[in-house]
Amino acid sequence: MPTWNSRGLRGSTLEEYINRTNEKYMAHHLALIQKVPTPITPVNIDHDTRQITLAYFEQKSTVDYIGVVQGIPVCFDAKECRTDTFPLQNIHAHQVSFMQEFERQGGVAFFLIFYAGRDIFYYLRLDKLTEFWERAQSGGRKSFRYEELEEEFFFRSGNGVLVPYLDALQKDLMRKD
C-alpha cells in the first residue's frame, strides 16, 4: 500500500480538500464547481474485476475545476509544492492558453497552490502567472519563488472550510474592476 509520501498520492489529498470545499460552497449556494474528469481510452480491462488495467489519455487536460461563483464563470487548476520554488514545468502551455481564452470570454482563471512545507495555500492570479511565464519564455527563470508572490493571496484553512479560496477570488475580482 502506498504511503502518504509516495508520488502516486501526491495531490490527491489536496484534490479531496478542494472537493469537500466545493461541496460546502454548493450547499451554501455560494458556488457550483465541478472536478473536470480527464478523458481516457481503456486499452486493457480485467474482465473479472471490471477494472481498467491500462489506458491512455485521449487529449491533454486543461484545468482541474470549472464552474460558476455567484454568476461568474471560473476555472482553476490545483498544484502542490513541497519547496519554496515552484517549477513552471508543472504548468503546461495548453493550460495557460485555455485559461487566457477563458478570461477573454469573461471568466476568471487561477491556480490554487498548496505549499505543503509551510501548510499554506496560495491563489495564483492568471496575470501573475503570465508574468512568470513570459519571463521564462524570454530566457529568464523557469520557476518562481515563494518570496515573489503577492502576500494578500496567501490563505489557510479556516471557518470550517478546508480550502477557502472565495476571499482570494473576491480580491482578484476587485483588481480586475
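It should be emphasised that the depicted structure is a prediction, and the values quoted were computed from it without experimental measurement.

Peer 1: Sorry, what's going on with the overall build of the protein here?
Peer 2: Of regular secondary structure, the protein possesses four helices and ten strands. Going from N to C terminus, the protein has its helices and strands arranged as α-β-β-β-β-β-β-α-β-β-α-β-β-α. Of the contacts formed within the protein by residues at least 6 apart in sequence, a portion of 63% connects residues at least 24 apart. In the form shown here, the protein has an accessible surface area of approximately 10700 Å², with 51% of it arising from carbon and sulfur atoms.

Peer 1: When you look at the packing of aromatic side chains in this model, what are you seeing that I'm missing?
Peer 2: Each aromatic ring pair is summarised here by two numbers: the centre-to-centre distance and the angle between the ring planes. The full count for this structure, using the stated rule, is 15 aromatic pairs. Considering the side-chain rings of Y115 and Y146, the 5.1 Å spacing of their centres and the 85° angle between planes classify their relative orientation as edge-to-face. You can see Y115 sitting in strand β7 (residues 108-115) and its partner Y146 sitting in the loop between β9 (143-145) and β10 (154-155), a full 31 residues away along the chain. Judged by relative accessible area, Y115 falls into the buried class, the value being 1%. With 5.5 Å between their ring centres and 15° between their planes, F121 and F155 make a pair best called stacked. With F121 in strand β8 (residues 120-125) and F155 in strand β10, this pair connects stretches of sequence that are 34 residues apart. We classify F121 as buried; its relative accessible area is 4%. An aromatic cluster is built from Y25, Y65, F76, F110, Y123, F153 and Y165, whose rings are joined through pairwise contacts. In this arrangement the basic side chain of K35 is found over the ring face of Y65, its NZ or CZ atom lying 5.5 Å from the centre. Sitting above the plane of the Y146 ring, R118 keeps its charged end 3.7 Å from the centroid.

Peer 1: Explanation requested: unusual backbone geometry in the structure shown.
Peer 2: A negative phi holds for most residues other than glycine; trans holds for most peptide bonds. At Q70, a residue that is not glycine, the phi angle is positive and equals roughly 50°. Along the chain, Q70 falls in the loop between β4 (65-69) and β5 (72-81). Its identity as a non-glycine residue notwithstanding, N159 has a phi of 55°, on the positive side. Secondary-structure assignment places N159 in the loop between β10 and α4 (166-176). By relative accessible area, which is 83% here, N159 ends up exposed.

Peer 1: Would you mind showing me how to read the pairing of β8 here?
Peer 2: Consecutive side chains of a regular strand alternate in pointing toward one face of the sheet and then the other. Buried residues dominate β8, accounting for six of its six residues. Side chains of β8 alternate between two faces, with I120, Y122 and L124 and F121, Y123 and R125 buried alike. Bridge count between β7 and β8: six bridges; the pairing is antiparallel. The residue bridging I113 from the neighbouring strand is Y122, located in β8. Across two bridges, β8 lies against β10 in antiparallel orientation. Paired with F121 across the bridge in β10 is F155.

Parameters and conventions
Residues numbered from 1 in each chain as written. Predicted model: local features only at pLDDT ≥ 70, side-chain atom pairs only at ≥ 80, totals over all residues. Heavy atoms only, no water. Helix = DSSP H or I, 4+ residues; strand = E, 2+ residues; numbered from the N terminus. Contact = heavy atoms within 4.5 Å. Areas by Shrake-Rupley, 256 points an atom, 1.4 Å probe, with all protein chains shown as cover. Phe/Tyr/Trp six-rings, centres within 6.5 Å; stacked < 30°, edge-to-face > 60°. Buried < 20%, exposed > 50% of the residue type's maximum accessible area, 1.4 Å probe, protein only. Lys NZ or Arg CZ within 6 Å of the ring centre and 35° of its normal. Pairing = 2+ DSSP bridges.

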